[in-house]
Amino acid sequence: AQILSLSDASLTLLILIPPPTAPGNITIRIAPLVALPGFTTAQFAVSTRLEIVGTTPVVRKLYPSSAFATGGETVEVHVAGFPPISNSSDINLTLGGITLTPS
């Protein structure tokens, strides 16, 4: 987390949510490490819920956008919003209805 601003009365944070994060709610809790005399840190703690929503994958780049019918060409596809995968066997890949095996 990065502190964007801090004053006597307010705190603004920038939090990067680490992947992979499943859809649902997560709790963000902020509390000081040290409290004012006569108080506990729990009395200054705040929490809120952040809704994590699923993403819809989007093709960002397709190159080339056309290919010869004779085949043998390499096509590059860049997809954003695709869930994290551990290896190529975790992908279901078809081309014109024909199942391909990613390598």
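Residues numbered from 1 in each chain as written. Predicted model: local features only at pLDDT ≥ 70, side-chain atom pairs only at ≥ 80, totals over all residues. Heavy atoms only, no water.

Scanning the protein chain for helices and strands turns up zero helices and eight strands. Overall, the protein chain shows an N-to-C arrangement of helices and strands of β-β-β-β-β-β-β-β. For the protein chain, the C-alpha radius of gyration of 24 Å lies well beyond 13 Å, the compact-globule estimate for 103 residues. Residue burial in the protein chain is summarised as follows: out of 103 residues, 1% are buried. Taking contacts inside the protein chain between residues at least 6 apart in sequence as the whole, the part at least 24 apart equals 22%. (Helix = DSSP H or I, 4+ residues; strand = E, 2+ residues; numbered from the N terminus. Rg over C-alpha atoms; globule rule 2.2 N^0.38 Å. Buried < 20%, exposed > 50% of the residue type's maximum accessible area, 1.4 Å probe, protein only. Contact = heavy atoms within 4.5 Å.)

Together, Val59, Leu62, Val75, Val77, Val79, Phe82, Ile85, Ile91, Leu93, Leu95, Ile98 and Leu100 make up an exposed nonpolar region whose accessible area comes to about 1,000 Å². Among the secondary structure elements, those contributing two or more residues to the nonpolar patch are strand S5 (58-63), strand S6 (76-80), strand S7 (93-95) and strand S8 (98-100). With relative accessibility at 52%, the residue Val59 sits in the exposed group. (Patch = residues over 30% accessible without salt bridge, like charges linked within 9 Å, V, L, I, M, F, W, Y side chains within 5 Å. Areas by Shrake-Rupley, 256 points an atom, 1.4 Å probe, with all protein chains shown as cover. Salt bridge = Lys/Arg side-chain N within 4 Å of Asp/Glu carboxyl O.)

Between Tyr63 and the following residue, Pro64, the backbone shows a cis peptide bond with an omega angle of -10 degrees. Tracing the backbone shows Pro64 in the loop between S5 and S6.

A few words on the packing of aromatic side chains. In this structure the tally under the stated criterion is one aromatic pair. Aromatic side chains Phe39 and Phe44 sit 5.6 Å apart centroid to centroid with 70 degrees between the ring planes, which places their arrangement in the edge-to-face category. Phe39 gets classed as partly exposed once you look at its relative accessible area, which sits at 45%. (Phe/Tyr/Trp six-rings, centres within 6.5 Å; stacked < 30°, edge-to-face > 60°.)

The next point concerns the layout of surface pockets. To find leftover empty space, a probe the size of one water molecule is rolled over the atoms. In this structure, the largest pocket encloses a volume near 600 Å³. Along its surface, the largest pocket is lined by 18 residues, and Val75, Val77, Leu93, Thr94 and Leu100 are the ones closest to its centre. Of all the secondary structure elements, the ones that give two or more residues to the lining of the largest pocket are S6 and S7. A per-element tally of the lining of the largest pocket places S7 first, with three residues. Residues that form the lining of the largest pocket fall into these classes: 13 nonpolar, four polar and one charged. (1 Å grid on protein atoms, 1.4 Å probe; cavity = no way out; pocket = protein on both sides within 12 Å on 5 of 7 lines; lining within 4 Å. Points joined across faces, edges and corners; volume = space filled by probe spheres on them. Nonpolar A, V, L, I, M, F, W, Y, C, P; charged D, E, K, R; others polar.)

Once that is clear, we can look at the pairing of strand S2 (residues 11-14). Looking along a regular strand, one sees side chains alternate from face to face of the sheet. In terms of strand pairing, strand S1 (residues 2-6) meets S2 through four bridges, oriented antiparallel. Bridge pairing links Gln2 to Leu14 in S2. (Pairing = 2+ DSSP bridges.)

Mean pLDDT for the protein chain: 83, with 96% of residues reaching 70 or above. By mean pLDDT, the top-scoring element of the protein chain is S5 (90), and the lowest-scoring one is S1 (78). (pLDDT = per-residue confidence, 0-100.)

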